[in-house]
Amino acid sequence: MNPVIPAASLAALLLASANAFAAEPAAADPVRDHAAIMKIPGEYAVDFAFDETVLLQPGYERAAAMRSGGDEAIIVIEDTPTKVVLQHLLVDGKSGHVTKHWREDWVYEAPQRFEFTSDQTWTVRVLSPQETAGAWTQCVYEVSDAPRYCGTGRWVYNDASATWTSDESWRPLPRREYTRRSDYNALRVTNRHTVTPNGWTHEQFNTKVLRKPDGSLVEIARESGFDDYHRDSQVDFAPAYSYWKATHAFWAGVRKRWAVYLDQPPGVHLKTKLDGMTMIMPLFEQAATLEAGGKVKARDTDAVFAQWVEAAPSLP
């Protein structure tokens, strides 16, 4: 005859059993993490896919799915054991035209990060030891090196793949929706990057949100994003490296100007429209002058920042 186990004892037994089989949290391994990040640089064909999934407001109609792609070289522009900076450069396979694309910075146990707090405003926030211990903070920047968003998370490993998953954070509207959407003004996002044998992927778990002046939030819809970077040997990426050789010092100076606002509180506010083109175009034109063998005066770049960039308001 089987003995009857009291409910309380059974619950304790099941909990102990579950704990026995639970995976122990992996110890921090920044060397292994750094090696995973260094697998991201390379030459890729990229497919972008975005689909609205869950509709959260009465009468809201699902937006059309977005599909696009391109060819992209990712170049290491800074590499230390605790910081990696990667620059993305789009290349037109037919014409060889190069467009400076987004940038990503990876920092181990970052002491702070910038956060998108209101329209055209990013506030610098100090990270607690609990948030950042053993974690890497990824910060993403606009084509002008203006801020976009940051996320903090830890790398985990499974056979041949490595995956980093961010915490939840805010970001402004993506460029694909600047000109056609006014019903929301922020994305609440979680990002997941996975390094695979043939490249890497970027999954986005987005909620489209209207942030109102009184602090209330209206969730419009959820969106799934998937960016697939697979290694590409069919395109001549030489123009990307030529462009960067001619302009890298200029863009380093641009990054230093942004760092004045983003390396310490309170942060930065942009006086441009949401698309940022009034700042992007003069910087791109200055880079094009250098690419063509001309010269750019530092005061011309300073003038762009003086016109469009200011410190964010201090938080109360």
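Reading the values: rules and limits
Residues numbered from 1 in each chain as written. Predicted model: local features only at pLDDT ≥ 70, side-chain atom pairs only at ≥ 80, totals over all residues. Heavy atoms only, no water. Helix = DSSP H or I, 4+ residues; strand = E, 2+ residues; numbered from the N terminus. Buried < 20%, exposed > 50% of the residue type's maximum accessible area, 1.4 Å probe, protein only. Contact = heavy atoms within 4.5 Å. 1 Å grid on protein atoms, 1.4 Å probe; cavity = no way out; pocket = protein on both sides within 12 Å on 5 of 7 lines; lining within 4 Å. Points joined across faces, edges and corners; volume = space filled by probe spheres on them. Nonpolar A, V, L, I, M, F, W, Y, C, P; charged D, E, K, R; others polar. Pairing = 2+ DSSP bridges. Axes fitted to C-alpha atoms, helices over the stretch in contact; angles between N-to-C directions. Polar contact = N/O pair within 3.5 Å; in protein donor to acceptor, adjacent residues only side chain to side chain. Disulfide = S-S within 2.5 Å. Parallel < 35°, antiparallel > 145°, perpendicular 65-115°, else oblique. Left-handed = near helix turned anticlockwise from the far one by under 90°. Expected span 1.5 Å × (residues − 1). Arc of directions from axis to C-beta.

Observations concerning the side chain of Gln 138
Then, number 1: Inspection of the secondary structure puts Gln 138 in strand 7 (residues 136-141).
Then, number 2: Gln 138 gets classed as buried once you look at its relative accessible area, which sits at 1%.
Then, number 3: Gln 138 has contacts with Trp 102, Glu 104, Asp 105, Trp 106, Tyr 149, Cys 150, Gly 151, Trp 164 and His 193, leaving out every residue within four places of it along the chain.

Some details on empty space enclosed by the protein
Then, number 1: Scanning the entire structure with this criterion turns up two cavities of 30 Å³ or more.
Then, number 2: The calculated volume of the largest cavity comes to roughly 120 Å³.
Then, number 3: Listing elements by their share of the lining of the largest cavity, those giving two or more residues are strand 8 (147-158), helix 4 (175-178) and helix 6 (277-291).
Then, number 4: Its residues placed into classes, the lining of the largest cavity shows nine nonpolar, four polar and four charged.
Then, number 5: In this model, the second largest cavity occupies a volume close to 50 Å³.
Then, number 6: As for the second largest cavity, its lining consists of Phe 50, Asp 51, Glu 52, Ala 63, Ala 64, Met 66, Arg 176, Glu 177, Arg 180, Lys 208 and Glu 223.
Then, number 7: For the lining of the second largest cavity, the element with the most residues is strand 1 (residues 42-55), which contributes three residues.
Then, number 8: Across the lining of the second largest cavity, the residue classes break down as four nonpolar, no polar and seven charged.

A closer look at unusual backbone geometry
Then, number 1: Following Pro 265, the chain continues to Pro 266 via a peptide bond in cis, the omega torsion being 10°.
Then, number 2: Topologically, Pro 266 is positioned in the loop between helix 5 (238-262) and strand 14 (267-270).
Then, number 3: Notably, Glu 109 is not glycine yet its phi reads approximately 50°, a positive angle.
Then, number 4: Looking at where Glu 109 falls in the secondary structure, it is placed in the loop between strand 4 (98-108) and strand 5 (112-118).

Focus on the sheet that holds strand 6 (residues 121-126)
Then, number 1: With respect to topology, four strands assemble into an open sheet ordered 5-6-14-15, the strand pairing being antiparallel. Edge positions in the sheet fall to strand 5 and strand 15 (309-311), since each of these pairs with one other strand and no more. Adjacent strand axes in the sheet meet at a mean angle of 25°, parallel and antiparallel pairs treated alike.
Then, number 2: In this sheet, strand 14 lies alongside strand 6 in antiparallel orientation, the contact comprising three bridges. In the strand pairing of strand 14, Thr 123 is matched with Gly 267.
Then, number 3: Those strands touched by helix 7 (residues 298-308) are strand 14 and strand 15, and its axis lies near 60° from that of strand 15.

Some words on the side chain of His 193
Then, number 1: Topologically, His 193 is positioned in strand 11 (residues 186-196).
Then, number 2: By relative accessible area, which is 1% here, His 193 ends up buried.
Then, number 3: Here the side chain of His 193 touches Gln 138 through a polar contact of 3.4 Å, side chain to side chain.
Then, number 4: Contacts of His 193, omitting those with residues within four sequence positions, involve Trp 106, Gln 138, Trp 155, Ala 162, Thr 163, Trp 164, Trp 200, Thr 201 and His 202.

Brief notes about the state of the cysteines
Then, number 1: Tallying each qualifying case throughout the model produces one disulfide.
Then, number 2: Sulfur-sulfur distance for the disulfide between Cys 139 and Cys 150 comes to 2.0 Å. A torsion of 105° about the S-S bond marks the disulfide between Cys 139 and Cys 150 as right-handed. Of this pair, Cys 139 sits in strand 7 while Cys 150 sits in strand 8; the two residues are eleven residues apart in sequence, bridging distant segments of the chain. Across the pair, Cys 150 and Cys 139 agree in class, each one buried.

Side note on the packing of helix 5 against helix 7
Then, number 1: At a minimum axis separation of 11 Å, helix 5 and helix 7 run at an interaxial angle of 40°. Compared by their axis directions, helix 5 and helix 7 come out oblique. Remark: the crossing between helix 5 and helix 7 carries right-handed chirality. Residue-level contacts link Phe 250, Val 254, Arg 257 and Trp 258 of helix 5 to Ala 298, Thr 301, Asp 302 and Phe 305 of helix 7.

Brief notes about helix 6
Then, number 1: Spanning 15 residues, helix 6 covers 20 Å between terminal C-alpha atoms, matching the ideal 21 Å at 1.5 Å per step.
Then, number 2: By the burial criterion, the buried members of helix 6 are Met 279, Ile 280, Leu 283, Gln 286 and Ala 287. Looking straight down helix 6, one finds that the buried residues subtend no more than 135° of arc, so they occupy a single side.
Then, number 3: Tucked into the core, helix 6 has its buried residues touching helix 4, helix 5, helix 7 and strand 15.
Then, number 4: Of the residues flanking the end of helix 6, it is Gly 293, one or two places downstream, whose phi is positive at about 95°.

With respect to the layout of surface pockets
Then, number 1: In this structure, the largest pocket encloses a volume near 710 Å³.
Then, number 2: In terms of lining residues, the largest pocket is bounded by 30 residues, among which Phe 48, His 101, Trp 102, Arg 175 and Arg 176 are the most central.
Then, number 3: Broken down by element, the residue count for the lining of the largest pocket peaks at five residues, all from strand 2 (residues 66-80).
Then, number 4: If you add up the space inside the second largest pocket, you get close to 480 Å³.

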